[in-house]
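Residue-level structure breakdown
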Amino acid sequence: MPYSRKVMEHFTQPRNVGEMKDADGVGKASNNVDGDLVVIHLKIKDEVVHDISFQTFGCAAAIASSSMFTEMVKGKSIEEAQRIDKQMVADALEGMPANKIECSILAPEAFRQAVEDYRQRKRIH
Ligand code: FES
């Protein structure tokens, strides 16, 4: 199965790319097999994802998934956003080749880590 039109669109024009100054939480996830990495930066207001950005050092599927994931979670509560899994991201991208579905797990996992980081910082301050 080739990449869908949506995967190619998000790969060539990714949304919400880059570092974030004064992020409330930062999280990372990497692929154990190839070491590809996704970093998620978050701004949280009243338990809602107010802003999100990503940096992905990985394949086209990982970049497109990260871009789509950021669009899916922006404006959602943390709780709702944490329910978004790799299959939901792949579906929103009009499908993913079977051997690439695991690349879609990195952004949701990095998001979970960023939420952990946010909670940790809140406990400290
Ligand atoms: S994340 Fe490594 S091949 Fe997709």
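Quick look at the structure, then.

So, how was this worked out
Residues numbered from 1 in each chain as written. Predicted model: local features only at pLDDT ≥ 70, side-chain atom pairs only at ≥ 80, totals over all residues. Axes fitted to C-alpha atoms, helices over the stretch in contact; angles between N-to-C directions. Helix = DSSP H or I, 4+ residues; strand = E, 2+ residues; numbered from the N terminus. Parallel < 35°, antiparallel > 145°, perpendicular 65-115°, else oblique. Contact = placed C-beta atoms within 7 Å. Nonpolar A, V, L, I, M, F, W, Y, C, P; charged D, E, K, R; others polar. Pairing = 2+ DSSP bridges. Buried ≥ 20, exposed ≤ 12 C-beta atoms within 10 Å, placed from the backbone. Expected span 1.5 Å × (residues − 1). Core = buried A, V, L, I, M, F, W, Y, C linked by C-beta atoms within 7 Å.

So, the packing of helix α1 (residues 5-12) against helix α2 (residues 60-73)
Relative to each other, α1 and α2 sit at 85°, their axes nearing to 8 Å. Viewed along their axes, α1 and α2 adopt a mutual orientation that is roughly perpendicular. Between α1, through Val7, His10 and Phe11, and α2, the contact on the second element is made entirely by Ala60, Ala61, Ile63, Ala64, Ser67 and Met68. For the contact of α1 with α2, a count of residues per class yields 7 nonpolar, 2 polar and no charged.

Structural notes on the sheet that holds strand β2 (residues 37-45)
Judged by pairing direction, the sheet is antiparallel, and its 3 strands sit side by side in the order β1-β2-β3 without closing on themselves. The open sheet has two edge strands with one neighbour each: β1 (25-30) and β3 (48-57). Within the sheet, the average angular offset between the axes of one strand and its neighbour, ignoring direction, is 20°. Bridging between β1 and β2 involves 6 bridges; their strand directions are antiparallel. Its bridge partner lying in β2, Ser30 is registered against Leu37. Across the sheet, α2 touches β2 and β3, and the angle it forms with β3 is around 175°.

Let's talk about unusual backbone geometry
For Asp46, which is not glycine, the phi torsion reads 50° and is therefore positive. You can see Asp46 is positioned in the loop between β2 and β3. For Glu47, which is not glycine, the phi torsion reads 65° and is therefore positive. Looking at the element boundaries, Glu47 is found in the loop between β2 and β3.

Quick look at the pairing of β1
Of the two faces of β1, the one lined by Gly25, Gly27 and Ala29 is fully buried and the one lined by Val26, Lys28 and Ser30 carries no buried residue. Hairpin connection of β1 to β2: 6 residues between the antiparallel strands, including Gly35 at a positive phi of 80°.

As for α2
For α2, built from 14 residues, the straight-helix expectation of 20 Å at 1.5 Å per residue is met to within 8% by its first-to-last C-alpha distance of 20 Å. Counted residue by residue, α2 has 11 buried out of 14 residues, so it is predominantly covered. Along α2, the positions that sit buried rather than exposed are Ala61, Ala62, Ile63, Ala64, Ser65, Ser66, Ser67, Met68, Phe69, Thr70 and Val73. Where α2 is buried, its residues touch α1, β2, β3, α3 (78-82), α4 (86-92) and α5 (106-124). Looking one or two residues beyond α2, the residue adopting positive phi is Gly75, at roughly 90°.

What to know about the nonpolar core
Grouped together as the largest cluster of nonpolar side chains are 32 residues, with contacts concentrated most on Val38, Ile40, Leu42, Ala107, Ala110 and Phe111. At the level of elements, β2, β3, α2, α3, α4 and α5 are the ones that each hand at least two residues to this core. Val38 has contacts with Lys28, Ala29, Phe54, Thr56, Gly58, Ala62, Ser66, Leu106, Ala107 and Ala110, leaving out every residue within four places of it along the chain.

Some remarks on the packing of α2 against α5
For the pair α2 and α5, the least separation of the axes is 8 Å and the interaxial angle reads 50°. By the criterion of interaxial angle, the relationship of α2 to α5 is oblique. Of α5, the residues touching α2 (which contributes Ala62, Ser65, Ser66, Phe69 and Val73) are Leu106, Ala107, Pro108 and Phe111. Along the lines of polarity and charge, the residues of the contact of α2 with α5 split into 7 nonpolar, 2 polar and no charged.

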